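Summary of structural features
Chain residues, written in single-letter form:
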Amino acid sequence: MDREFAYTDADFNKVRSELRALAGINLADSKVSLVYSRLAPRVRKLGLKAIKQYLTYLETHPDEQEHFINALTTNLTSFFREPHHFDLLNEFIQSGERCERVWCAASSTGEEPYSIAMTLVKAFGQFDISSRVIASDIDSNVLNKASLGIYPLDKVDPIENKKNFFLRGKGPNKGQARVVPQLRHLIEFRQVNLLDTQYPIQEGLDVIFCRNVMIYFDKETQVQILEKLLQKLRPGGLYIAGHSENFNHLGHLITPVGRTAYRKV
Ligand SMILES: C[S@@+](CC[C@H](N)C(=O)[O-])C[C@H]1O[C@@H](n2cnc3c(N)ncnc32)[C@H](O)[C@@H]1O
């Protein structure tokens, strides 16, 4: 295959092991071309000639790790993705459970934490609530986007009561919508690597959303991360996983309460 930059199987394997060490992410054999297409713009920007040269640059410039991780994460998300989880959150609140602190632990470009915040506002019937959402991700680019809270109209259009939560852009911002400040104010964005030994989050959380990120980690890492996350959750708190992340075998830690949703034992 004709490529702008030299790229070998050995380079791909090195990228894989670096990414696993830095972010816990396991790349399948099939991701050879994807890795190249994600790294090529960075190699071009740095004026380098080959992926191997880039890997040496990465080794000698620790600041580059952030760009490397940002380039290789998969950030697919959407508002109210897997909607049953937001129904469950609403039921949790309606049943009188305390829901003051929610952590969205792989928040990508923000659609998920804003969906959580909208659910809180709807459940409590007002913006003026004491509940707060902490939204975190390893990828600093997506966190910046999330913090801005600006989305194309077609992403926002399907949202129920969207007029309460978004302002339509005018003039040069036509075709976009911005989250209203009262909603934005309920969320704090932070960079957290789930691989870290300690999370900078206070214990006693009521709900954790950690969806569609565990799939990138091996089984052993998944259990280690789950145990660390659960240390931050209060007993009886909700732990919400992604649609293909099943922890039914960890009954001593969490009890299933719905589709890939659990309560801490
Ligand atoms: C596919 S998205 C899922 C987004 C959202 N949770 C959802 O379900 O729609 C996976 C996210 O996990 C983040 N991620 C990957 N590895 C991570 C790590 N080690 N620590 C924290 N976040 C990570 C990625 O940057 C990406 O934004």
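Residues numbered from 1 in each chain as written. Predicted model: local features only at pLDDT ≥ 70, side-chain atom pairs only at ≥ 80, totals over all residues. Heavy atoms only, no water.

- Under an unreviewed UniProt entry, the protein has the name Chemotaxis protein methyltransferase and belongs to Marinomonas ostreistagni.
- UniProt, in its Catalytic activity (unreviewed entry) section for the protein, records the words "L-glutamyl-[protein] + S-adenosyl-L-methionine = [protein]-L-glutamate 5-O-methyl ester + S-adenosyl-L-homocysteine".
- UniProt lists a comment for the protein under the heading Function (unreviewed entry), and it reads "Methylation of the membrane-bound methyl-accepting chemotaxis proteins (MCP) to form gamma-glutamyl methyl ester residues in MCP." (UniProt positions renumbered as here; feature names shortened; annotations may be inferred.)

Brief notes about the domain arrangement of the protein
- Parsing the protein into structural domains produces domain 1 (9-72) and domain 2 (84-264).
- When each unit is reduced to the centre of its C-alpha atoms, the spacing between domain 1 and domain 2 is 29 Å.
- Facing the ten residues of domain 1 at the interface are ten residues of domain 2.
- Interface area for domain 1 against domain 2, summed over the two sides, is near 780 Å², with a carbon-plus-sulfur share of 47%.
- Between domain 1 and domain 2 we count zero salt bridges in total.
- Where domain 1 packs against domain 2, one counts four residue pairs in polar contact (both at pLDDT 80 or more).
- For the side of domain 1 that touches domain 2, the elements supplying multiple residues, two or more each, are helix 1 (9-23) and helix 4 (64-72).
- Of all the elements, helix 1 adds the most residues to the side of domain 1 that touches domain 2, at four residues.
- Taken together, the residues that form the side of domain 1 that touches domain 2 break down as five nonpolar, three polar and two charged. (Domains from an automatic or database assignment. Contact = heavy atoms within 4.5 Å. Buried area = accessible area lost by both parts, 1.4 Å probe. Salt bridge = Lys/Arg side-chain N within 4 Å of Asp/Glu carboxyl O. Polar contact = N/O pair within 3.5 Å; in protein donor to acceptor, adjacent residues only side chain to side chain. Helix = DSSP H or I, 4+ residues; strand = E, 2+ residues; numbered from the N terminus. Nonpolar A, V, L, I, M, F, W, Y, C, P; charged D, E, K, R; others polar.)

Some details on the sheet that holds strand 3 (residues 150-152)
- In spatial order, the strands read 3-5-4; together these three strands make up an open sheet with antiparallel pairing. On the outer flanks of this sheet lie strand 3 and strand 4 (166-168), each paired with one strand and no other. Here the strands of the sheet are splayed against their neighbours by 30° on average, with no regard to which way each runs.
- Where strand 3 lies against strand 5 (residues 176-179), three bridges are found, and the strand directions are antiparallel. Each residue of the ladder has a partner; that of I150, found in strand 5, is R178. (Pairing = 2+ DSSP bridges. Axes fitted to C-alpha atoms, helices over the stretch in contact; angles between N-to-C directions.)

Quick word on the pattern of salt bridges
- Enumeration according to the criterion identifies 13 salt bridges in this entry.
- A salt bridge links R16 to D29; the nearest nitrogen and oxygen atoms lie 2.8 Å apart. Placement of R16 in helix 1 and of D29 in the loop between helix 1 and helix 2 (32-45) is noted, with a sequence separation of 13 residues between them.
- R16 gets classed as buried once you look at its relative accessible area, which sits at 14%.
- Residue class for D29 comes out exposed when judged on its relative accessible area of 58%. (Buried < 20%, exposed > 50% of the residue type's maximum accessible area, 1.4 Å probe, protein only.)

Some points on the site of the ligand
- Around the ligand sit 22 residues in total, of which T77, R81, E112, D137 and N212 are the nearest.
- At 2.6 Å from an oxygen atom of the ligand is found a side-chain nitrogen or oxygen belonging to T77.
- Within the side chain of N212, an N or O atom sits 2.7 Å from an oxygen atom of the ligand.
- Surface burial for the ligand is 99%, taken as the share of its 610 Å² of free accessible area covered by protein chains.
- Looking at the shell around the ligand residue by residue, the classes come out as ten nonpolar, seven polar and five charged. (Near = heavy atom within 4 Å. Areas by Shrake-Rupley, 256 points an atom, 1.4 Å probe, with all protein chains shown as cover.)

Overview of the side chain of E64
- Structurally, E64 is set in helix 4.
- With sequence-adjacent residues up to four places away left out, E64 is seen in contact with R42, L46, Y54, Y57 and L58.

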